[in-house]
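# Coordinates in review
Okay, here's what each chain looks like letter by letter:
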Amino acid sequence: MENPAEVVFSTSQKAPESLYARAAGTKSIRVNVTSKLPVIVAMTNEVLGGYQKGYAGTFGAPTADVAVGDEIEGGGKVIYVGEPQEIIVDCEPNAMTYFRAWTVNGDNVSKTAVDAYAVPEVSLPYAPQIENYPFGSLIHGWTGFPTNEEFSPWVRGYYGDNAVFTVIDSQERRLTTPALPLNTPFNVSFEFAMETQRDPAATPDSNGVELPQGCEPGWFGAGGYLRVRTGNVIHKTITSYEGTMEGFDTAGYNDFSSTFVPVSVDVPAQSEYATVTLAMCSQKASRFFIRNFVITPIEKAPEAPKDLPTDVNITEDADGLMYLDAKRGEDAVMTMVLFSEQPMTDAELPADGHIYTVGETVGKAKVLYFGNDEVVNCSTTYSYNGEMQFIFADFDTDYYLRLLSASDSPLFNRDNVLDITYHSNPDPNAGSGVEQIAAEGAFEVYTPTGVRVPVKNFQELPAGLYIVNGRKYIKR
């Protein structure tokens, strides 16, 4: 992409009329300079420091007798001296490269210059170091959502380190690479850090002392995540931040002190040219930082685990609550257990890359368990969105369970699932009696869906099924 010069000043010896730079290959850039006088052209990968200085490099002032290959004091390496023309120069793969041109006339070099910048054609491995692009500027070649202004390279004040910065909330933000040659399996790796807005309150580090409003180590909260995607396909979902913040004192944590956490995921081959997207959102406003983004080809595409869970055992109590335990598949990292009152089909197969929560729906099934325990334990009573849920089996009825193995991305083995039909036979008259519950004194009453029923005595309850002090109670 061509980039016209931005630096033009009035001087006794004019700068070149224009300087353009564009990709010529994966390791080369085409540079074209227009001038009525001979020129000196230099290049560098060092960005000009300072906030919103634009895409310009750090250059010194050359002398009239410089030669190609000379390092200019103050920055820049001379790549051409002579009559203005188009030149092709070698560069580092995927590296943002800055150019500057001066006119030279005898012993005189123009006091002003023209600038340009370019990156070569993209190639793998892809390590663009976008966190080192100009501080506070848009990220050249990448796309942000909802706007490109959502993301910019930043210098973090506490450590003085560089990262791409954005602020996230419940609206999803996305940062997408340029189109890349991704027709072979590849690995995506990067680091992220997160600082979530904190209202005035005590924290686990403050020993009960209320701290002023600030930020704390990040958390995604309900519905929050960080995802790695190609198109609409999710390859990895992260729902927790394992980093910390530094410099805690009576004023809270130091701003921009969050530590970086590594992320890595293997991705199957895509089309000839495809993009990778990082998508993120959080329950509460959070500062979000990304750095060291790298895409590397790998020899083997990621595979779902082959081994199913074993030693599956299902029991039920007299009230019709069901309990399942099993052993995680030998080569699996995670296990999922689904429950349905109807036979399951392909609609009850989970999507790769999504972190499921207990109680979430997959087709017409409910997730009873999704985790990485070696020994799986779950039941048809669980907490969902902070409310207890109860599924009671009816007398003499079939119920359906499905067990799947997954990798940590997660990548599910949807071709090899363990489907179980369980025939329920609880006591149709089961349920705690009034006398047994009354003997316990105080009691709490809930519906089977977890809604609290505010009653003072059993006589106020209409006929139906309830959960009283955690046990099934049938009011007749």
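Preceding this paragraph is the structure being described.
This report concerns the structure included in the present document. (Residues numbered from 1 in each chain as written. Predicted model: local features only at pLDDT ≥ 70, side-chain atom pairs only at ≥ 80, totals over all residues. Heavy atoms only, no water.)

### What about the overall build of the chain?
Per the secondary structure count, the chain includes one helix and 32 strands. Compactness check: the chain gives a C-alpha radius of gyration of 31 Å against a globular reference of 23 Å for 476 residues, more than 25% above the reference. Its C-alpha atoms put the chain at 110 × 55 × 30 Å along the principal axes. Among the 476 residues that make up the chain, the fraction classed as buried is 48%. In the chain, the share of contacts with a sequence separation of at least 24, taken over all contacts with a separation of at least 6, comes to 67%. Accessible surface, the chain: about 22,400 Å² in total, of which carbon and sulfur atoms supply 49%. Across the chain, the centroid of the 33 positively charged side chains sits 4 Å from that of the 62 negatively charged ones. (Helix = DSSP H or I, 4+ residues; strand = E, 2+ residues; numbered from the N terminus. Rg over C-alpha atoms; globule rule 2.2 N^0.38 Å. Buried < 20%, exposed > 50% of the residue type's maximum accessible area, 1.4 Å probe, protein only. Contact = heavy atoms within 4.5 Å. Areas by Shrake-Rupley, 256 points an atom, 1.4 Å probe, with all protein chains shown as cover. Lys, Arg positive; Asp, Glu negative; His and termini not counted. Charge placed at Lys NZ, Arg CZ, Asp CG, Glu CD.)

### Remarks on the nonpolar core
Counting 55 residues, the largest nonpolar core has Val188, Phe190, Phe192, Phe288, Phe293 and Ile295 as the members making the most contacts within it. For this core, the secondary structure elements donating two or more residues are strand S3 (39-44), strand S6 (97-105), strand S11 (162-168), strand S13 (186-198), strand S15 (225-230), strand S17 (261-267), strand S18 (277-281) and strand S19 (286-297). Among the elements that make up this core, the one with the highest residue count is S13 (six residues). The contacts of Phe288, once residues within four sequence positions are left out, are Val164, Phe165, Thr166, Ile168, Phe192, Ala193, Met194, Phe220, Leu226 and Met280. Formed by 19 residues, the second largest nonpolar core is a distinct cluster that contains Val31, Cys91, Ala101 and Val114. (Core = buried A, V, L, I, M, F, W, Y, C linked by side-chain atoms within 4.5 Å.)

### Overview of the sheet that holds strand S2 (residues 28-34)
Taken in spatial order, the three strands make up an open sheet running S1-S2-S5, and their pairing is antiparallel. Lying at the two open borders of the sheet, with one neighbouring strand each, are strand S1 (18-25) and strand S5 (86-90). Across the sheet, the mean angle from the axis of one strand to that of its neighbour is 25 degrees, orientation sign disregarded. Inspection of the sheet shows S2 paired to S5 by five bridges, in the antiparallel sense. Paired with Asn32 across the two strands is Glu86, which belongs to S5. (Pairing = 2+ DSSP bridges. Axes fitted to C-alpha atoms, helices over the stretch in contact; angles between N-to-C directions.)

### Side note on the pairing of S1
Within a regular beta strand, the side chains point alternately toward one face of the sheet and then the other, so they alternate between its two faces. As judged from the seven bridges shared by S1 and S2, these two strands associate in the antiparallel manner. When the sheet's bridge partners are listed, Arg22 is paired in S2 with Arg30. As consecutive antiparallel partners, S1 and S2 are separated by two residues.

### A short note on a negative patch on the surface
A cluster of acidic side chains, namely Asp65, Asp70, Glu71 and Asp107, defines a negative patch on the protein surface. Mapped onto the elements of the fold, Asp65 is located in the loop between S3 and strand S4 (77-82). Accessibility expressed as a relative area gives 64% for Asp65, which makes it exposed. (Patch = residues over 30% accessible without salt bridge, like charges linked within 9 Å, V, L, I, M, F, W, Y side chains within 5 Å. Salt bridge = Lys/Arg side-chain N within 4 Å of Asp/Glu carboxyl O.)

### Points about unusual backbone geometry
In this model, Phe145 is joined to Pro146 through a cis peptide bond whose omega is 10 degrees. At the junction of Ser409 and Pro410, the peptide bond is cis and its omega measures out at 0 degrees in the coordinates. With respect to the helices and strands, Pro410 occurs in the loop between strand S28 (397-406) and strand S29 (418-424). Although it is not a glycine, Gln52 adopts a positive phi angle of roughly 50 degrees. Inspection of the secondary structure puts Gln52 in the loop between S3 and S4.

### Notes on the pattern of salt bridges
With the rule as written, the count across this model stands at 19 salt bridges. Among the salt bridges present, the one from Glu17 reaches Lys36, with a minimum N-O distance of 3.5 Å. With Glu17 in the segment before S1 and Lys36 in the loop between S2 and S3, this pair connects stretches of sequence that are 19 residues apart. When the shortest N-O distance is used, the salt bridge between Arg173 and Glu150 registers 3.5 Å. Pair noted here: Arg173 is in strand S12 (residues 173-176) and Glu150 is in the loop between strand S9 (143-145) and strand S10 (152-155), with a separation of 23 residues, a long-range link. One network of salt bridges, with partners in common, ties together Arg156, Asp161, Glu191 and Arg291.

### Quick look at the environment of Phe443
For Phe443, the position within the fold is in the loop between helix H1 (434-438) and strand S30 (445-446). The sequence separation of Phe443 and Gly470 amounts to 27 residues, and the corresponding C-alpha distance is 9.4 Å.

### Observations concerning empty space enclosed by the protein
Scanning all chains against the criterion turns up one cavity of 30 Å³ or more. Considering only enclosed or pocket space, the largest cavity measures out at about 40 Å³ in volume. Surrounding the largest cavity, Ile314, Met322, Tyr323, Leu324, Phe339, Leu368, Cys378, Ser379, Thr380 and Leu401 form its lining. Of all the secondary-structure elements, those providing two or more residues to the lining of the largest cavity are strand S21 (322-327) and strand S25 (375-379). A per-element tally of the lining of the largest cavity places S21 first, with three residues. Classifying every residue of the lining of the largest cavity gives eight nonpolar, two polar and no charged. (1 Å grid on protein atoms, 1.4 Å probe; cavity = no way out; pocket = protein on both sides within 12 Å on 5 of 7 lines; lining within 4 Å. Points joined across faces, edges and corners; volume = space filled by probe spheres on them. Nonpolar A, V, L, I, M, F, W, Y, C, P; charged D, E, K, R; others polar.)

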